[in-house]
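Architecture and fold: a report
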Amino acid sequence: MTALAQEFGISDRGLAKVCSRHRIPVPPRGYWAKVAAGEQPKVPPFLELRDRSLDRVGIHGATSALPDGVAELARKRKAEREVRAATIKATPESPMPLVENPHASVAKTVKFLRTRKPDKEGVLSATAPGQCGVIVGAASAERACFFLDALARTLDEVGLSLTADGEKMSVQKGADKISFTLLERTRRLKYVPTPEEIAREEKRKEKQARSLRRNDWDSISFGSSPPWPEYVTAWTGELVFSIDAWADGLRKTWGDGKTQRVERMVPEIVAGIELILDTIRVRREEREERERQWKILQHRRQLAQARLKREETRLSHLRQIIELRREAREIREWISSLPQEDSLSVDSDLGRMLQWVDSRLAEIDRRTGLDAAKSFSGEGDLFPAVDELEDPLGDPPVSSGERFFAHRQATSPVHPMTLRFVGICRTAASTDAACSRRSSCRCLLPQKRRSSIPSSFRIRCQTSASARHCAAMAAPDAHAHHPSSSLPDPFALRRVF
């Protein structure tokens, strides 16, 4: 269980809980010890379950959201950290030496911590421009100086430079940058007043009682503040180093414990900084790749829209030519059907009409001839030799929004209204053709609400003849009766939109 839990990135107890939740048997306590001793312990049976929801097991460890390369590096760093922790634990802690020549990036902060007097609460805050943003108690100032110097020098060994930004510290690797801070833990404690404060408060209460007995209201103060605060902030002397970045489950906080100190964890902290920088780099590259693919997809969709618009222009002109050719053919058929009269005068109405028809035929032939087709094909790059709108990958995929509206239009052609009608006649025709007997139709809604009815809807007629007609015009999904039947039930055409 322990080895498998480390592979999944969780604790052995967490893996045992997952197996118990999904009814998966696990080796009992002492199972592998018996196997190592040569025994053959009883193996728990694996039972088939009827609950299909227990078939799929999802284990989300600390590094499950990391990229593959970073997750492998995190496991490697974890193994190195365990070896280093064992070495540190076996090595006795030596006295901390005094930093005489601090690193250049932290020299200003070290000078501030050593020379500046603490405030009334005993705190040193090195947060000015050019400092490292360290906030510690006066007793922890020398430890903070030693840690900052060791951190800056270890970062130099791996090719990173520490930068003091005032409020925080930071390192940058290429285009990626992370910030971190060094603080001291605080604790909120109940305030314990001193004997002097207690005696002073008792004296004030006795004086106030004497004033009350003498009715001396001028010397009594109302609404005074408490004699001492209820809680105080205590500085524990425990230093905490924290990285201000999204780490996807990686460790980003190191602090003093019962046996460990942050100044002895500097190599581990630097390794964690490198790992988080690698994670940020991989996430940034993935984000840039998604943005690049999105721009390519948007360009392909623009090309598809341009091709669609060009195709519509082509078809429109082609339909116009076909319509004109059809008109010319019908005109010639009409002319050929006329009786041939030699005595037809040009000054007559029919003669002048035939002259106009001939000019119309000549105009149609000019607009549909080869020269017109050539001029049209060369206009607006409708048929270019090199098609700049061509997409070698074909048409782009439909976006989710377009897919949703296409599905909505195909499955729900009803107007999105929330009105209740009685006997709605629904046709795909225009308003005038929606009901041929609309003159005898009477709307069952008030006059103010009639204007909100879509133009493709009409209300069932109230007379028997017109009602049968409207029932025949209604859509099949309105559950209308056949026109040959009797007057439909008033509730048969009821529908809620």
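Further up the page is the structure itself.
Notes on the structure follow. Think of each chain on its own: its residues are numbered from 1, step by step along the sequence as written. In view of the model being predicted, local features appear only for residues whose pLDDT reaches at least 70, and side-chain atom pairs are presented and counted only at 80 or more, with totals across whole chains, interfaces and linings using the full set of residues. Only hydrogens and water are removed before side-chain values are computed, so all heavy atoms of the structure are retained for them.

1. Comments concerning the overall build of the protein chain
- Only runs of H or I of at least four residues qualify as helices and only runs of E of at least two qualify as strands under DSSP, and these elements are numbered from the N terminus. A tally of regular secondary structure across the protein chain gives 13 helices and 11 strands.
- Taken across its 497 residues, the protein chain has 29% of its residues classed as buried.
- The Shrake-Rupley method, run with a 1.4 Å probe sphere, supplies the accessible areas, and residue values consider only the shown protein chains as cover. Of the accessible surface of the protein chain, which amounts to about 33500 Å², a share of 54% is contributed by carbon and sulfur atoms. Only protein chains enter the accessibility calculation, which uses a 1.4 Å probe. A residue is then buried if its area is under 20% of the maximum for its type, exposed if over 50%, and partly exposed in between.

2. What about the pattern of salt bridges?
- Salt bridge, as used here, is a side-chain nitrogen of Lys or Arg placed within 4 Å of a carboxyl oxygen of Asp or Glu. Tallying each qualifying case throughout the model produces 25 salt bridges.
- In this structure, Asp149 engages Arg153 in a salt bridge whose closest nitrogen and oxygen atoms are separated by 3.1 Å. Of the two residues, Asp149 and Arg153 are both situated in helix H6 (residues 141–157); the distance of 4 residues between them amounts to about one turn of the helix.
- When its relative accessible area of 36% is taken as the criterion, Arg153 is described as partly exposed.
- When the shortest N-O distance is used, the salt bridge between Asp365 and Arg325 registers 3.4 Å. Here Arg325 lies in helix H8 (residues 266–337) and Asp365 lies in helix H9 (residues 349–368), a separation of 40 residues in the sequence.
- Residue classification places Asp365 among the partly exposed residues on the basis of a relative accessible area of 30%.
- Several salt bridges share partner residues, and in doing so they unite Arg143, Asp256 and Glu263 into one network.

3. Here we look at the packing of aromatic side chains
- Centre distance within 6.5 Å is the pairing criterion for rings of Phe, Tyr and Trp, where only the six-membered ring of Trp is used; planes under 30 degrees apart are then read as stacked, over 60 as edge-to-face, and the remainder as tilted. With the rule as written, the count across this model stands at 4 aromatic pairs.
- When the centroid spacing of 5.1 Å and the interplanar angle of 45 degrees are considered together, the rings of Phe180 and Phe241 count as tilted. Here Phe180 is found in strand E5 (residues 176–190), whereas its partner Phe241 is found in strand E6 (residues 231–244), with 61 residues between them in sequence.
- Given a relative accessible area of 0%, Phe241 falls into the buried group.
- Joined through ring pairs, the aromatic side chains of Phe147, Phe180, Phe241 and Trp254 make up one cluster.
- The residue whose ring lies beneath Arg188 is Tyr231, and the NZ or CZ to ring-centre distance is 3.9 Å. Note on criteria: charge over ring means Lys NZ or Arg CZ within 6 Å of the ring centre, with the direction from the centre no more than 35 degrees off the ring normal.

4. Quick look at the packing of H8 against H9
- One can describe the packing of H8 onto H9 by two numbers: an axis separation of 10 Å at closest approach and a directional angle of 150 degrees. In this view, H8 runs roughly antiparallel relative to H9, as classed from their interaxial angle. Relative to H9, the crossing made by H8 is left-handed. Residue-level inspection shows Gln320, Ile321, Leu324, Arg325, Glu327, Ala328, Ile331, Arg332, Trp334 and Ile335 of H8 in contact with H9, the latter providing Met353, Leu354, Val357, Asp358, Arg360, Leu361, Ile364, Asp365, Arg367 and Thr368.
- In this count, Pro and Cys sit with the nonpolar residues alongside Ala, Val, Leu, Ile, Met, Phe, Trp and Tyr, while Asp, Glu, Lys and Arg are called charged and the others, Gly among them, polar. Along the lines of polarity and charge, the residues of the contact of H8 with H9 split into 11 nonpolar, 2 polar and 7 charged. The convention used is that axes are lines fitted to C-alpha atoms, helices contributing only their stretch in contact, and that angles between N-to-C directions extend from 0 to 180 degrees. For this classification, under 35 degrees means roughly parallel, over 145 means roughly antiparallel, 65 to 115 means roughly perpendicular, and everything else is oblique. For any helix crossing, the convention is left-handed if the near helix is rotated counterclockwise from the far helix by under a right angle, and right-handed if that rotation is clockwise. Any two residues whose heavy atoms approach within 4.5 Å are treated as being in contact.

5. A few points about a nonpolar patch on the surface
- Candidates for patches are residues over 30% relative accessible area with no salt bridge; among them, like charges are joined within 9 Å and nonpolar side chains (Val, Leu, Ile, Met, Phe, Trp, Tyr) within 5 Å. On the surface, a nonpolar cluster with roughly 240 Å² of combined accessible area is contributed by Leu315, Leu318 and Ile322.
- Relative to the helices and strands, Leu315 is located in helix H8.
- Residue classification places Leu315 among the partly exposed positions, given a relative accessible area of 34%.

6. A few points about helix H7 (residues 195–213)
- By definition here, a helix of n residues has an expected span of 1.5 Å times n minus one. Across its 19 residues, H7 extends 27 Å between first and last C-alpha, which sits within 8% of the 27 Å expected from 1.5 Å per residue.
- Positive backbone phi, at 55 degrees, marks Asn215, one or two positions downstream of H7.

7. Some points on the pairing of E6
- Whether two strands pair depends on DSSP finding at least two bridges between them. Pairing between E5 and E6: 11 bridges, direction antiparallel. If you follow Arg188 over to E6, its bridge partner there is Thr233.
- Where E6 and strand E7 (residues 253–255) come together, 3 bridges link them in antiparallel fashion. Residue Val240 lies in a different strand from E7, and its bridge partner there is Gly255.

8. As for the environment of Leu155
- On the secondary structure map, Leu155 appears in helix H6.
- Judged by its relative accessible area of 0%, Leu155 falls in the buried class.
- In this structure the C-alpha to C-alpha distance between Leu155 and Val266, which are 111 residues apart in sequence, comes to 9.4 Å.

9. Let's talk about the environment of Asp119
- Take Asp119: it is sitting in the loop between helix H5 (107–115) and strand E1 (123–126).
- Owing to a relative accessible area of 41%, Asp119 belongs among the partly exposed residues under this scheme.
- Side-chain atoms alone can form a polar contact between residues adjacent in sequence; in general such a contact is a pair of N or O atoms within 3.5 Å, and within protein one must be able to donate a hydrogen while the other accepts it. Within the structure, Asp119 has its side chain in polar contact with the backbone nitrogen of Val123 (distance 2.7 Å).

10. Quick notes on H5
- Considered for burial, the residues of H5 that qualify are Thr109, Val110, Phe112 and Leu113. One face of H5 carries all of its buried residues, which in axial projection span an arc of 160 degrees. Within H5, the exposed residues directed more than 90 degrees away from the buried face are Lys111 and Thr115.
- The secondary structure elements touched by the buried residues of H5 are E1, strand E2 (134–137) and H6. The directions considered for the arc run from the helix axis to the C-beta atoms.

Spatial relationships are all this shows, so hold off on functional conclusions.
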